[in-house]
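Below, each chain spelled out in residue letters.
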Amino acid sequence: MPTKKKTAKPKKAVNPAFRQLDQLRKTVKALRVRLERETRARKIEARVKSEAQKARTRLASQIAELREQGRKLATDLRSALGDASKRDAARQQAIAKIAELKAEYAKKSAELRSELSRTTAELARKSEELKKLAGEAAHRAVEIIRGEEHHAAPAAGASSEPHREAPPQETAGSGYEKEPEEEQ
């Protein structure tokens with residue numbers, strides 16, 4: 001097999017037109033590459049711009065929702081603070097009323113205790129008085145019975161009239177009459 005000879009490239013003639021043509025080709029290639037890069041960059045920029053606009057509209061709607069929620073929360077907070085102040089005022093009124101009722105209770109219980117002790121003392125005094133009067137009445141009854149026996153023995157033989165009982169002697173403190181304080 002015969003070996004092929006390498007063909008030698010013919011040397012281009014150093015023609016200014018060829019050089020200029022090569023230079024123009026290189027420039028066209030560089031411009032094409034640059035144009036493609038710029039086109040890609042513009043496409044990316046347009047995509048980024050559209051995404052930024054979409055994000056901006058989403059963000060604006062979220063901000064509007066947050067503002068509305070903030071207004072609602074502020075309204076709720078104001079009403080809650082108003083309710084809390086109303087509750088606090090009601091609590092203070094209740095505490096004042098409780099203190100007033102406690103003072104009234106203490107006053108009434110002191111009055112009732114003093115009245116009870118006074119009534120107890122009066123009842124003890126009246127019991128002693130009744131005890132004394134009952135003793136006196138028993139002594140009088142014994143004296144009357146003894147006196148009738150003495151009168152009955154001598155008078156039985158002397159007189160034919162039936163015996164009349166002597167009316168009991170009334171004393172000022174006999175205890176059988178109602179006192180004005182007991183009627184109450």
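Residues numbered from 1 in each chain as written. Predicted model: local features only at pLDDT ≥ 70, side-chain atom pairs only at ≥ 80, totals over all residues. Heavy atoms only, no water.

Caption draft 1: View of the overall build of the protein chain. Within the protein chain, the regular secondary structure consists of two helices and zero strands. Total accessible area on the protein chain stands at roughly 18000 Å², and carbon and sulfur atoms take up 58% of it. (Helix = DSSP H or I, 4+ residues; strand = E, 2+ residues; numbered from the N terminus. Areas by Shrake-Rupley, 256 points an atom, 1.4 Å probe, with all protein chains shown as cover.)

Caption draft 2: Spotlight on the side chain of S109. Mapped onto the elements, S109 comes out in helix α1 (residues 16-158). Here the side chain of S109 touches A106 through a polar contact of 2.9 Å, landing on its backbone oxygen. (Polar contact = N/O pair within 3.5 Å; in protein donor to acceptor, adjacent residues only side chain to side chain.)

Caption draft 3: Region of the structure containing the confidence of the model for the protein chain. Mean pLDDT over the protein chain works out to 82, with 74% of the residues at or above the 70 mark. Of the regions scoring below 50 in pLDDT, residues 158-162 engages in zero contacts with residues more than four places distant in sequence or in other chains. (pLDDT = per-residue confidence, 0-100. Contact = heavy atoms within 4.5 Å.)

Caption draft 4: Representation of the pattern of salt bridges. In the structure shown here, the tally under the stated rule is ten salt bridges. Among the salt bridges present, the one from R34 reaches E38, with a minimum N-O distance of 3.8 Å. With R34 and E38 both in helix α1 and four residues apart, this pair spans about one turn of that helix. The exposure class of E38 is partly exposed, given its relative accessible area of 35%. One salt bridge connects R71 with E68, and the closest N-O pair in it is separated by 3.1 Å. Note that R71 and E68 are positioned in helix α1 at a spacing of three residues, about one turn of the helix. A relative accessible area of 51% places R71 in the exposed class. One salt-bridge network, held together by shared partners, links R34, E38 and R42. (Salt bridge = Lys/Arg side-chain N within 4 Å of Asp/Glu carboxyl O. Buried < 20%, exposed > 50% of the residue type's maximum accessible area, 1.4 Å probe, protein only.)

Caption draft 5: Structural detail: the environment of S85. For S85, the position within the fold is in helix α1. For S85, a relative accessible area of 44% puts it in the partly exposed group.

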